[in-house]
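The primary structure of each chain is shown beneath.
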Amino acid sequence: QVQLVESGGGVVQPGGSLRLSCAATRNMFDIYSEAWYRQAPGRVRELVAAITPGDNINYADAVKGRFTISRDIAKNTLYLPMSALKPEDTAVYFCNFHYWPNGYWGQGTQVTVSS
């Protein structure tokens, strides 16, 4: 079993920045893919950013140029620095690690963008 612990959420004003972290209890040397998702109230969970096999990186159109997905394999940690935050970025953010064939979710961290 793999546990993922997220941190870094909070309340920020529009235009502000936050950095989310997701630390795993298993090393990342054999990981298949990693991703960040978010879920706003009353909406389905949506992909924000992902690192897929071959180290390809994909972003949702809504966050391109503002969010950056990265990882530190030595620390078993995935990051999501977010800048120029907007009220529509308000959601619970979840990390997902996929060790083929199983995927694991973090518990979620709340990001609220409000003035």
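For the structure given in this document, a descriptive report is provided here. (Residues numbered from 1 in each chain as written. Predicted model: local features only at pLDDT ≥ 70, side-chain atom pairs only at ≥ 80, totals over all residues. Heavy atoms only, no water.)

Focus: the packing of aromatic side chains
The full count for this structure, using the stated rule, is five aromatic pairs. A ring pair is formed by Y99 and Y104, whose centres lie 6.3 Å apart and whose planes are at 65 degrees; its orientation type is edge-to-face. The same class applies to Y99 as to Y104, namely buried. Aromatic ring contacts, followed pair by pair, group Y37, F94 and W105 into a single cluster. Across from the ring centre of Y99, 4.0 Å away, lies the NZ or CZ of R26, which sits over that ring. (Phe/Tyr/Trp six-rings, centres within 6.5 Å; stacked < 30°, edge-to-face > 60°. Buried < 20%, exposed > 50% of the residue type's maximum accessible area, 1.4 Å probe, protein only. Lys NZ or Arg CZ within 6 Å of the ring centre and 35° of its normal.)

Looking at the nonpolar core
Membership of the largest hydrophobic core comes to 28 residues, with the highest contact counts inside it found for W36, L80, M82, Y93 and F97. Mapped onto this core, the elements with two or more residues apiece are β3 (18-24), β5 (46-52), β8 (77-82), β9 (91-99) and β11 (109-113). At five residues, β9 tops the list of elements feeding residues into this core. (Core = buried A, V, L, I, M, F, W, Y, C linked by side-chain atoms within 4.5 Å. Helix = DSSP H or I, 4+ residues; strand = E, 2+ residues; numbered from the N terminus.)

Quick look at the sheet that holds strand β7 (residues 70-72)
The four strands lie next to each other as β1-β3-β8-β7, forming an open sheet whose pairing is antiparallel. The two strands at the open ends of the sheet, each matched to only one other strand, are β1 (4-7) and β7. Strand-to-strand, the axes of this sheet are offset by a mean angle of 20 degrees, without reference to chain direction. Where β7 lies against β8, three bridges are found, and the strand directions are antiparallel. Of the residues in β8, the one forming a bridge with R71 is L78. (Pairing = 2+ DSSP bridges. Axes fitted to C-alpha atoms, helices over the stretch in contact; angles between N-to-C directions.)

Overview of the pattern of salt bridges
Side-chain pairing between opposite charges can occur once the charged atoms of the two side chains come close. With the rule as written, the count across this model stands at seven salt bridges. The residue D30 makes a salt bridge to R26 at a minimum N-O spacing of 2.5 Å. Assessed through its relative accessible area of 30%, R26 is described here as partly exposed. Residue R71 pairs with E34 through a salt bridge whose shortest N-O separation is 2.9 Å. Taken together, the residues span a long stretch of sequence, with R71 in strand β7 and E34 in strand β4 (residues 33-39) at a distance of 37 residues. Overall, the relative accessible area of 27% leaves R71 in the partly exposed class. A residue is classified by how much of its surface remains accessible, and E34, at 1% relative accessible area, is buried. Where salt bridges share partners, they join R38, E46, R66 and D89 into one cluster. (Salt bridge = Lys/Arg side-chain N within 4 Å of Asp/Glu carboxyl O.)

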